[in-house]
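Residue-level structure breakdown
Each chain is listed here by its residues.
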Amino acid sequence: MMSYKTIAYTLLPLLCCAVLLQSCKKWEDSITVNDPALKQTLMERIAAEPSTSKFAELVKKSGLDTVLTSSKVYTVFAPDNDAVAKLDAGVANDPAKLKQFVSNYITLQAWNSKAEDTASTYLQMLNGKYHLLHAAVMGNAAITSANKPAKNGVYHVISSLLPVADNCWETIAGNSSIPAEQKAYMLSLFRNVFDPTNAVQIGVDPNTGKPIYKPGTDSINTNLFWQRVYDLRDESKRFAVFILEDAAWQAATQSYYPYFVTGGMDTTASLAKWEVLKDLAAEGVYTADNIPDTVLSKFKVKIPVEGAQIKKTIAASNGTIFIMGKVDISPKNKFKQWYIEAENYSFASNNKTGNTYFRDRLTPAGVPFKDVLVYNHGISGFNLGYRITNVPSMKYKAYWVAVNDWMTTNFTQKLGIDSATSTVLPYITVTPNNYSEVYLGEFTVDRYKAAMSIFLTAAANTTATTNPVVCDYIRIEPSFN
Amino acid sequence: MKKLTILFLSAAAFCTVLSSCKKMLDVMPGDELDQSQMYRNVYDADAAVIGIYGKFQGLAERYVLLNELRADMLNYTDHADEYLRQLSNHTVTADNPYASPRPFYEVILNCNDVLKNFDVMLKDKKMKESEYAVRYADITCLRSFLYLQLGIHYGEIPYVTGALESVEEVKDAKRFPKLSFDALLDTLIRTTEALTYKDEYPAGASPNITVDGYPTGKWFINKKVLLGDLNLWKGNYVQAATWYRQVMETAANNSNDATMLTMYKVGWDSNGDVDHYISYSRGGDATSLVWNTQWRIMYEQAANTKGYEREWVWAIPFDSRFKPENPFVKLFSPIGGQYLVKPSQEAFDNWNSQQQLPNSSAPAMPGLPYDARGILTCQNINGQPVVMKYLYNYLNWSTMLPVDVLKRTSTWFLFKQTHLHMRFAEAANRAGKHLLAWGLFNNGIAGAYPAPTSDVTNYHNTLFEPYPFNFDARNSGNSGIPYYRAPWYRNIGIRRRANLQNYAVAAGADSTLSIENGLINETALEDAYEGTRWPDLLRIALRRNDPSFLADKIYRKLKKDNVPGAEAARAKLMDKSGWYLPFKF
């Protein structure tokens, strides 16, 4: 017979357990998802929302409903029925256009909007276009009902359609108000460029060991402007592109003809056109209202932008096209000087490394510099060679710093233009301990040269003390006088 | 009844277990020695000595950090923790583990224990008198060296010579009152000078043998260098110079002529692996600096080479094949290490304000405008300045890539012949021998006392000076009559060895102070990051009673490296109490 005590001791824990079990239910309740919205996918939510029912129909029609029911997280900016009613009927009936339209409202990840938010974010939509989410505004559309949750993301209701603008390149190629000449030149810059990314290899060259590709697969057709200046198709960036009206384009390019004298007018014109074109774009968010009077091109050339000359602006998805009556970029801004470190020579007339001294020196003011000295080389007219590229046909002034700090006597050396023995510039006396820049003279390049050699030439004798070559740097400066 | 039986039986069993316990528990461990198995003969004594040095190696990282990071040539990187930053900025808090004196005392108490047992062995005739004296002196000197370090960094410290059971007992201020630095120096000099044996271990006998390619002789402290140092700190300049001179003459009777003429004498040998010059294969061509031999090689060459033997007085190897592990890769290397410390801008500025010798042959151009030892001491790896001295056995000098990431061999560079000459010169300078001191760190004794051009009969060098300042560096030249080459004729001088122009004593300047400034700075350029910069600065600041000597340099380091608190550090160091670390166990 158990005593009451025993019974109590046995029962008490049991009771406790019972209480715990009971309370368990409550605990479970507190962590269960009660919001029915969170049990439904974005697709179901948008379809259930009365104000966005029409958009939901378009999503289903475009086939993108599979995206919105998937397990990834998305944000949908759903235009309300009034906004969708304004959609061109042609879009709804063209499957490709419809898909493009719908994907302009969907982006990956969950993005909430806060009215008090000061930060702004460019969101890339599924069609590749970017729209700016800032406070309670998406692009140019007001968010009327924000941050509505669903199982796989969040959606917002917006009051107007988001534009699907062409990007800068598409605008230039397709917009009828783009002036013809510059456009034609830009469109003429398509070239086939070697690119093995998608190439099909059909063998290996037995002589070189290099792969042989199936003809037609080893190159891509691309535009030089995309490659060398800016890829105006890039949606993730913002550009300002200046398109000159035909007369202005002609005037601008012709003003550069003298700097590109070649054997034929076609080559000259093509070089001059490229010279003008390459500085007619800048990176940055510019509109007709905020563009300053000078912007910098990719090549750090100042582009003067006169307000009166802005004839028209076209907003593109990734920037602004400015149609200009005139953009006058002076050659002084375009043609930069060459500053050649003498110790970085490209070639030498003879192998004299055993007589070559790469020196660390200090100016009298204590500024460190490096130079090169070739001493006791024993070669009459020994020379070091340097390459400069893209040399316009014009006048130049030449300078050097040559420090003779090991002899108390003078010697001579010269700068050979285009050939080591050129007499265009004379032999110059190098006096002891002269750390300043020495003017060597002026010379003219008659014809444009894609590449040209400059020589540092020793005196025409074989005496060690009179035929050294020494130089810190050579500076060649365009002369516009 | 049954119950009783069970009780009885179990009690009996228990007793049996208890009684057998004693024997059962007395089994000797298989892989460790019991106290009773130690100190039985002289080989056990050697094992104890090696054991002490093994423990001592554990202090290498601390030694370099305390002596360099607190000074002006080393700074912390972004990877360093708060405690390393404190060392550099002189804002050390009591809880800083790098500032704890405990690891020093652990080794000191080990030394005390070994010394006690040596006494017992001598009494029990387990060691001969001569064997005892050699080993007793070594361990006593190492202990004195550790106490000197403690004095340098903590100022006042408890001096313990007895064997204690626990390091905690050091805390007992009643038993071990703190000694002032000055009183500590007196005690250390007394103890160390009293030793009957002050030479190196006799060569060829344990423990001075060759192990795994390492001659072990250089592992052990050089007692005479220590005695020189103690006397130099104390201000006994002639006594200090006497001890240093004895070390400089270590090879005076060496059977190998080249060794006799060069070892510890900063002498030339016409062999790049021994000369340790700053050298250019084409004088004046900065790109032709010699890397694969000459000055840099002393930080890479093997311990059994001639160059190493003649250069290094005290150096302990860290080999990837045995413990303890090399701590320097962790400290200095951005590749495979943590890159915690880097050279300061102040250090670079110092190297870059030196002037090399002009090219002697045509083209006779002026020398390069910097000290090339800076280039060989510090390199840029991936845009980060790195102290390379301790890494040359780990990173290839040409590629700056690890030869083998897992093989982290290095050496704890404690003392080399340039230290020795610089300290001797410091003592000589203070003893009034200015020209001799100047010559040793510039272009050598022969440079300071040039030979007459024709008749060399009465050419006396410094032979007219009393010992230890009488050097015979005479060289009659090829045409001199009579023809002779004196033992010190090859002494080249430290700046000449580094291809630098002589240090100029400004006209009208105080010779003693000017030469001393030059000496201390030369040690910085030559022996950077080898653990002597802070002691050097402190010693001079103490000697001149001039805190600014120390404070200004630290200030410039912090200022140039844009570390906040440079002014506060200077203000702290302008007061002597700010020189020492908090003594907290």
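Remember, it's a predicted structure, so these values are computed and weren't measured experimentally. Numbering of residues starts from 1 in each chain and follows the order in which that chain's sequence is written. To read the labels, note that chains go from A and ligands from 1, taken in the order they are written. Reporting in this predicted model follows two pLDDT cut-offs: at least 70 for local features of residues, and 80 or more for side-chain atom pairs to be given and counted; totals over whole chains, interfaces and linings ignore these cut-offs and use all residues.

1. Some words on the domain arrangement of chain A
Residues and elements named next belong to chain A. Here is the rule: Residue ranges assigned to each domain were obtained from an automatic or database domain assignment. We call two residues in contact when their backbone-placed C-beta atoms lie within 7 Å. Residues were grouped as follows: Ala, Val, Leu, Ile, Met, Phe, Trp, Tyr, Cys and Pro as nonpolar; Asp, Glu, Lys and Arg as charged; and all remaining residues, including Gly, as polar.
For chain A, the domain assignment lists domain 1 (36-158), domain 2 (168-329) and domain 3 (338-479). Summarising the inter-unit geometry, the C-alpha centres of domain 2 and domain 3 are found 38 Å apart. Across the boundary between the two partners, domain 2 contributes six residues, which contact six residues of domain 3. Taken together, the residues that form the side of domain 2 that touches domain 3 break down as five nonpolar, one polar and no charged.

2. Remarks on the interface of chain A and chain B
We count it as follows: By the criteria applied, helices consist of DSSP H or I runs no shorter than four residues and strands consist of E runs no shorter than two, each listed in order from the N terminus.
Opposite the 12 residues of chain A that make contact, chain B presents 13 residues. Here the element with the most residues in the side of chain A that touches chain B is strand S20 (residues 356-362) of chain A; it accounts for six residues. A breakdown of the residues in the side of chain A that touches chain B according to their chemical character gives seven nonpolar, one polar and four charged.

3. Brief notes about helix H21 (residues 533-544) of chain B
All names here are of chain B. Quick reminder of the rule: By this rule the span expected of a helix is its residue count minus one, scaled by 1.5 Å. Here exposure depends only on C-beta density: within 10 Å of a residue's C-beta, 20 or more other C-beta atoms make it buried, 12 or fewer make it exposed, and intermediate numbers make it partly exposed, the C-beta atoms being placed from the backbone.
Relative to the 16 Å expected for 12 residues at 1.5 Å per residue, H21 spans 17 Å between its end C-alpha atoms, a close match to the ideal helical length. Taken residue by residue, H21 has Arg533, Trp534, Pro535, Asp536, Leu537, Leu538 and Arg539 as its buried positions. Packing partners of the buried residues in H21 comprise helix H3 (60-69), helix H6 (129-154), helix H8 (223-234), helix H20 (511-526) and helix H22 (547-560). Trailing H21 by a residue or two, Asn545 shows a phi angle of about 55°, which is positive.

4. What to know about the pairing of strand S27 (residues 449-458) of chain A
On a regular strand, one side chain projects to one face of the sheet and the next to the other, so that they alternate. All names here are of chain A. What counts, and what does not: Being paired, for any two strands, means DSSP has found at least two bridges between them.
Of the pairings in the sheet, the one linking strand S22 (residues 383-391) to S27 comprises eight bridges and is antiparallel in character. Note that in S27 the partner of Arg387 across the bridge is Ser453. The sheet contact formed by strand S24 (residues 411-417) and S27 spans five bridges and is antiparallel. Its bridge partner lying in S27, Lys414 is registered against Thr457.

5. Looking at the sheet that holds strand S13 (residues 281-283) of chain A
Hydrogen bonds between backbone groups are what pair the strands of a sheet, and the pairing can be parallel or antiparallel. Residue and element names in this part refer to chain A. Under the convention used in this document: Between N-to-C directions, angles cover 0 to 180 degrees, with each direction set by a line fitted to C-alpha atoms, over the stretch in contact for helices.
As summarised here, the arrangement of the four strands in space is S13-S12-S17-S16, forming an open sheet in which the pairing is mixed. Unpaired on one side and paired on the other, S13 and strand S16 (310-316) mark the two borders of the sheet. Across this sheet, the average inter-strand angle for adjacent strands is 15°, counted without regard to direction. Two strands pair when backbone bridges link them, and strand S12 (residues 239-244) and strand S17 (residues 319-324) are joined in this way by six bridges, in the parallel orientation. Bridge pairing in S17 links Phe242 to Phe322.

6. A short note on the domain arrangement of chain B
Residues and elements named next belong to chain B. According to the domain assignment, chain B contains domain 1 (37-418) and domain 2 (450-490). The gap between the C-alpha centroids of domain 1 and domain 2 is 34 Å. Between domain 1 and domain 2, the contact holds 10 residues from the first and five residues from the second.

7. Quick look at the environment of Gly337(B)
Residues and elements named next belong to chain B. Tracing the backbone shows Gly337 in the loop between helix H13 (328-332) and strand S7 (341-343). The buried category is assigned to Gly337, around which 21 C-beta atoms lie within 10 Å. When the C-alpha positions of Gly337 and Lys171 are compared, they lie 36 Å apart, and in sequence the two are 166 residues distant.

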